[in-house]
Amino acid sequence: MATFGCAIASAGKYACRSLLLSASRSTLPTKFIGRYASQVGFIGLGNMGTHMARNLLSKGHCIVVYDVYPEAMTQLVDSGALIAQHPADMAERCDRIITMLPSSPHVQEVYAGENGIFQQVKPGTLLIDSSTIDPSVTKDLAIMAEKRGAVFLDAPVSGGVLSAKQGALTFMVGGKESEYEAIKELLYCMGENVVHCGDVGTGQAAKICNNMALAISMIGTSEAMNLGIRLGLDPKMMSKILNMSSGRCWASEVYNPVPGVMEKVPSSNDYQGGFGTALMAKDLGLAQLAATKTSSPTPLGSLAHQIYRMMVNSGFPHKDFSSVFLYLQEGHTFNGRK
Ligand code: NAD
């Protein structure tokens, strides 16, 4: 994978000076030429964003960061990132900005709120939202950006915290082809796969469909593991059987929900880090909204949504979504009683 942003590998704080313009100018649409010596803005330094921003730094980009929690910025600043006072300040200083925020209201606030990006955005700025949000909000923000001469694309990700750390995310991009071409090199600094899904909003559509399938398969894996254990099977043996049989899926193969079966997954770390149950409930809600709008039958998606919502109300909101195993194992029933 040849990426000229990534190829200029200089570490952290000395990165800006080493970013040169020459390498791939000819491959870019004219209106985006010249952006690659500039600062890249990054807003939302949580479980995912911190690693993504760090990968941009390590690939030689000069970055400006912002998060509502100042502590979230400390480590990146120590590694050479600059700080913006608020999103509007960042918009004044950067002509490519990536946002990685929890949900639609956070994204709306950061772009369209007081001191939001749209207050100061410069014409031609590329705005890339990698949060998972409602595709209709994405489309509204794209219209608002266009009125200011800027470009808004959706580029939600799949892969989880480990992939974010390893720079191995999958990006699902919605926007015009030329705009996709202009941002893909930047995204390859944080991911292994960058896929153009279609017009703005289609990245989010792909993402919520993926996560609906993920939630269903995580619940299925958890049910099977719990039943196997109650039938006297060793959990590691059960996991081995699933992964050499037709029950295999991502949840069983790389993210087993049972503590102690796999190393370096949230289930073996008290379900800390990873992808929060509240975020999964949010994504399933988005899928249900889209299913209602399109009259699509999603009975298992609907049930998965209910299960994750009940978990949120049962003390699980900040635990990784694989904690559905614990929720089932501890005997929570569908009316919330044990
Ligand atoms: P997170 O809650 O860990 O991080 C979000 C960050 O945004 C926090 O640091 C928070 O302080 C910051 N923030 C909130 N409001 C803000 C505002 N107004 N201005 C600036 N910063 C603000 O979330 P995460 O796990 O990093 O996920 C981010 C997005 O990525 C979500 O939409 C999620 O659905 C999606 N996602 C997460 C994972 C995962 O495994 N965690 C995987 C794929 C996609």
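Here the structure is shown first, and the text comes after it.
On a predicted model such as this, the values are computed, not experimentally measured, just so you know.

S.K.: Would you mind showing me how to read the layout of surface pockets here?
M.R.: Over the atoms, a rolled probe matching the size of one water molecule traces out where space is still vacant. Put simply, the second largest pocket is a space of about 280 Å³. Around the second largest pocket, the lining is made up of 19 residues, and of these Ile208, Leu286, Ala287, Ala290 and Ala291 lie nearest the centre. Among the elements that make up the lining of the second largest pocket, the one with the highest residue count is helix α13 (residues 277-293) (six residues). Here the lining of the second largest pocket is composed, by residue class, of 10 nonpolar, six polar and three charged. Composition of the lining of the second largest pocket by domain shows at least three residues from each of domain 1 (4-200) and domain 2 (205-329).

S.K.: How should a nonpolar patch on the surface be read in this particular structure?
M.R.: A surface patch of nonpolar side chains, amounting to about 370 Å² of accessible area, comprises Leu233, Met237, Ile241 and Met244. With respect to the helices, strands and loops of the structure, Met244 is situated in the loop between α11 (235-243) and α12 (250-254).

S.K.: Before we go on, may I ask you to explain the nonpolar core in this structure?
M.R.: In globular proteins that are soluble, nonpolar side chains generally tend to be buried together. Grouped together as the largest cluster of nonpolar side chains are 35 residues, with contacts concentrated most on Met280, Tyr308, Phe321 and Val324. At the level of secondary structure, the elements contributing two or more residues to this core comprise α10 (202-230), α11, α13, α14 (299-312) and α15 (324-329). Broken down by element, this core gets its largest block of residues, seven residues, from α10. Not counting the four nearest positions on each side in its chain, Val324 is found in contact with Met218, Ile219, Ser222, Ile307, Tyr308 and Met311. Grouped together as the second largest cluster of nonpolar side chains are 34 residues, Val65, Met100, Leu169 and Ala182 included.

S.K.: For this particular structure, what's the right way to read the site of the ligand?
M.R.: Around the ligand, a shell composed of 27 residues is seen, among which Asn47, Asp67, Leu101, Pro102 and Lys282 lie nearest. In the environment of the ligand, a nitrogen atom lies 3.2 Å from a nitrogen or oxygen atom belonging to the backbone of Gly274. Out of a free accessible area of 830 Å², the ligand has 89% covered by protein chains. Elements with a minimum of two residues in the shell around the ligand: α6 (104-112), α8 (160-166) and α13. A breakdown of the residues in the shell around the ligand according to their chemical character gives 14 nonpolar, eight polar and five charged. Each of domain 1 (4-200) and domain 2 (205-329) contributes no fewer than three residues to the shell around the ligand.

S.K.: How should I be thinking about the pairing of strand β4 (residues 96-99) in this particular structure?
M.R.: For a regular strand, side-chain orientation follows a simple rule: the groups alternate between the two sheet faces. Neither face of β4 is left uncovered, since the one carrying Arg96 and Ile98 and the one carrying Ile97 and Thr99 both have all their residues buried. Two elements, strand β1 (residues 40-43) and β4, share four bridges in a ladder whose sense is parallel. Within the sheet, the bridge partner assigned to Ile43 lies in β4 and is Thr99. Inspection of the sheet shows β4 paired to strand β5 (residues 126-129) by four bridges, in the parallel sense.

S.K.: Can you help me understand the pattern of salt bridges in this one?
M.R.: Any two side chains of opposite charge can pair, so long as their charged atoms come close to each other. If you walk through the whole model with that rule in mind, you get five salt bridges. Between Glu181 and Lys184 there is a salt bridge; the shortest N-O distance is 3.2 Å. Here Glu181 pairs with Lys184, and both are found in helix α9 (residues 177-188), just three residues apart, close to one helical turn. Residue classification places Glu181 among the partly exposed residues on the basis of a relative accessible area of 26%. Among the ionic pairs, Arg248 bridges to Glu253, the shortest N-O distance being 3.9 Å.

S.K.: Please explain the environment of Thr170 as it appears in this structure.
M.R.: Position of Thr170 relative to the elements: it lies in strand β8 (residues 169-174). Residue classification places Thr170 among the partly exposed residues on the basis of a relative accessible area of 22%. Measuring from C-alpha to C-alpha, the distance between Thr170 and Val194 comes to 5.8 Å, with 24 residues separating the pair along the chain. When residues no more than four places from it in sequence are discounted, the contact partners of Thr170 are Pro156, Val157, Ser158 and Asn193. A polar contact of 3.0 Å, which involves the side chain of Thr170, links it to the side chain of Asn193.

S.K.: Help me out: how do you make sense of the packing of α13 against α14 in this one?
M.R.: Packed helices, taken two at a time, are described by their axes: the angle between them and the distance between them. Contact pair α13 / α14: the axes reach a minimum separation of 9 Å and the direction vectors enclose 145°. You can see that α13 and α14 cross each other, and the crossing is left-handed. Taking contact as the criterion, the partners of Thr277, Ala278, Met280, Ala281, Leu284, Gly285 and Gln288 in α13 are, on α14, Gly301, Ser302, Ala304, His305, Tyr308, Arg309, Met311 and Val312.

S.K.: Explanation requested: the side chain of Asn55 in the structure shown.
M.R.: Tracing the backbone through its elements, the reader meets Asn55 in helix α3 (residues 49-58). The exposure class of Asn55 is buried, given its relative accessible area of 10%. Of the polar contacts made by the side chain of Asn55, one reaches the backbone oxygen of Ala164; its length is 2.8 Å.

The rules behind each value
Residues numbered from 1 in each chain as written. Predicted model: local features only at pLDDT ≥ 70, side-chain atom pairs only at ≥ 80, totals over all residues. Heavy atoms only, no water. 1 Å grid on protein atoms, 1.4 Å probe; cavity = no way out; pocket = protein on both sides within 12 Å on 5 of 7 lines; lining within 4 Å. Points joined across faces, edges and corners; volume = space filled by probe spheres on them. Helix = DSSP H or I, 4+ residues; strand = E, 2+ residues; numbered from the N terminus. Nonpolar A, V, L, I, M, F, W, Y, C, P; charged D, E, K, R; others polar. Domains from an automatic or database assignment. Patch = residues over 30% accessible without salt bridge, like charges linked within 9 Å, V, L, I, M, F, W, Y side chains within 5 Å. Areas by Shrake-Rupley, 256 points an atom, 1.4 Å probe, with all protein chains shown as cover. Salt bridge = Lys/Arg side-chain N within 4 Å of Asp/Glu carboxyl O. Core = buried A, V, L, I, M, F, W, Y, C linked by side-chain atoms within 4.5 Å. Buried < 20%, exposed > 50% of the residue type's maximum accessible area, 1.4 Å probe, protein only. Contact = heavy atoms within 4.5 Å. Near = heavy atom within 4 Å. Polar contact = N/O pair within 3.5 Å; in protein donor to acceptor, adjacent residues only side chain to side chain. Pairing = 2+ DSSP bridges. Axes fitted to C-alpha atoms, helices over the stretch in contact; angles between N-to-C directions. Left-handed = near helix turned anticlockwise from the far one by under 90°.

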